[in-house]
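Descriptive analysis of the structure
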Amino acid sequence: MRVITTIKDMQTEIINLKAQSKSIGFVPTMGFLHEGHLTLLKRAREENDIVVLSIFVNPLQFGPTEDFSTYPRDFDRDQSLAECEGVDFLFYPSVEEMYPHSSSVRIIVQERTDVLCGKSRPGHFDGVAAVLTKLFNIVLPTRAYFGKKDAQQVAVIEGLITDFNFPIELIPVDIVREEDGLAKSSRNVNLLPNERRQAAVLFKSLAAAKETIEGGERNPRTIKNLISNMICSETNGEIDYVEIYSYPQLKTLENIDGTCIIAIAVKFSKVRLIDNIILEVGQEIGGVK
Ligand code: PAF
């Protein structure tokens, strides 16, 4: 594995590999790799000739009160994990390398951002879109891999790739779960023991929602109530949101139909957990993939 810190070196390597018709699988991250990232790397390894991992804590996507300077970093550990996953190139630029001067062009994401987690993080997805535009132009990936846990991010990236005609296949990768269904996250360690037991109810409530939709229910309010009631009665968590939207457009639905997302966020004493499921709901009663 080669660690590359300059844009010029990364582009030179990639242009060379592209000339040899190699497919490039790209996993962009902010480092401090966890199991979710490793799943993306494994998938990229299976499907491409070359795997590029980027580690860059992107200041543009942090709000003024957010934790850019204290965001966890452990490059040595990340480097060994990347080696174990068979990464070919680890792109690890500095902030000065990525943003040497103030930008003359600004990307504003106009849709899919004013709901779910984006509602409380103004400008966050503009920063994500800006850095990914740069990274896509530097790495020129054939396929780019993102976890479905951040389903809103995947929706925004789908819009970016489509609107700006990046010749990139977006690969959303399924959420990795613990045995009891809890979505894996490095934040789960901040759950108190009783909260950890209760946290399994998040996925249980999503599974119950899916089953109810499979049984023919199409009213979003009924489904949201079902989920909220389960979370309130079976956990001490405080619901931040329970929402159902079309996916990836993230528009409000009168009736549950087509591709839709059920997304939840619940605050426990020291940690806020998110989870979601994406469903294909057919016209016919019970038609759920
Ligand atoms: O999901 C992340 O880690 C970041 O938002 C991303 C996609 C690497 C952009 O900085």
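For the structure, check the block above.
So, here is what we can say about the structure in this document. Here the structure is a predicted model, which means the values were calculated and not measured.

1. Remarks on the site of the ligand
The environment of the ligand is formed by P28, T29, M30, Q61, V128, V131, F146 and Q153. Take Q61: an N or O atom from its side chain is 2.6 Å from an oxygen atom of the ligand. Contact with the protein chains removes 88% of the 290 Å² of surface that the ligand exposes when unbound. Secondary structure elements with two or more residues in the shell around the ligand: β2 (24-29) and α5 (124-139).

2. A few points about unusual backbone geometry
With omega at 10°, the peptide bond leading from Y247 into P248 counts as cis. Here P248 lies in the loop between β7 (238-246) and β8 (258-267). Phi at S21 takes a positive value of approximately 60°, unusual for a residue other than glycine. With respect to the secondary-structure elements, S21 resides in the loop between α1 (7-19) and β2. Given a relative accessible area of 61%, S21 falls into the exposed group. The backbone of L140 sits at a positive phi, close to 45°, despite the residue not being glycine. Inspection of the secondary structure puts L140 in the loop between α5 and β5 (143-147).

3. Points about a nonpolar patch on the surface
On the surface, M1, V3 and Y92 cluster together into a nonpolar patch covering about 210 Å² of accessible area. Its location among the elements puts Y92 in the loop between β4 (89-91) and α4 (95-98).

4. Quick word on the packing of helix α7 (residues 193-214) against helix α8 (residues 220-234)
Where α7 meets α8, the closest approach of the two axes is 9 Å, and the angle between their N-to-C directions is 155°. Between α7 and α8, the crossing angle belongs to the class labelled roughly antiparallel. Crossing angle aside, the handedness with which α7 passes α8 is right-handed. Of the residues in α8, those in contact with Q198, V201, K204, S205, L206, A208, A209, T212 and I213 of α7 are I223, L226, I227, M230, I231 and E234. Among the residues making up the contact of α7 with α8, the classes are represented as ten nonpolar, three polar and two charged.

5. What about the state of the cysteines?
Each disulfide is one covalent bond, formed between the sulfur atoms of two cysteines. If you walk through the whole model with that rule in mind, you get zero disulfides. Here C117 is not disulfide-linked; the sulfur of C260 is the nearest cysteine sulfur, at 18 Å. According to the relative accessible area criterion, C117 is buried, its value standing at 19%.

6. Some thoughts on the sheet that holds strand β9 (residues 272-281)
The strand order β7-β8-β9 describes an open sheet built from three strands, whose pairing is antiparallel. The open sheet is flanked by β7 and β9, the only strands paired with a single partner. Ignoring which end each strand starts from, the neighbouring axes of this sheet average 10° apart. Pairing between β8 and β9: ten bridges, direction antiparallel. Residue pairing across strands places I264 opposite D275, the latter belonging to β9. Taken strand by strand, α8 contacts β7 and β8, and its axis lies near 155° from that of β7.

Definitions and limits used
- Residues numbered from 1 in each chain as written.
- Predicted model: local features only at pLDDT ≥ 70, side-chain atom pairs only at ≥ 80, totals over all residues.
- Heavy atoms only, no water.
- Near = heavy atom within 4 Å.
- Polar contact = N/O pair within 3.5 Å; in protein donor to acceptor, adjacent residues only side chain to side chain.
- Areas by Shrake-Rupley, 256 points an atom, 1.4 Å probe, with all protein chains shown as cover.
- Helix = DSSP H or I, 4+ residues; strand = E, 2+ residues; numbered from the N terminus.
- Buried < 20%, exposed > 50% of the residue type's maximum accessible area, 1.4 Å probe, protein only.
- Patch = residues over 30% accessible without salt bridge, like charges linked within 9 Å, V, L, I, M, F, W, Y side chains within 5 Å.
- Salt bridge = Lys/Arg side-chain N within 4 Å of Asp/Glu carboxyl O.
- Axes fitted to C-alpha atoms, helices over the stretch in contact; angles between N-to-C directions.
- Parallel < 35°, antiparallel > 145°, perpendicular 65-115°, else oblique.
- Left-handed = near helix turned anticlockwise from the far one by under 90°.
- Contact = heavy atoms within 4.5 Å.
- Nonpolar A, V, L, I, M, F, W, Y, C, P; charged D, E, K, R; others polar.
- Disulfide = S-S within 2.5 Å.
- Pairing = 2+ DSSP bridges.

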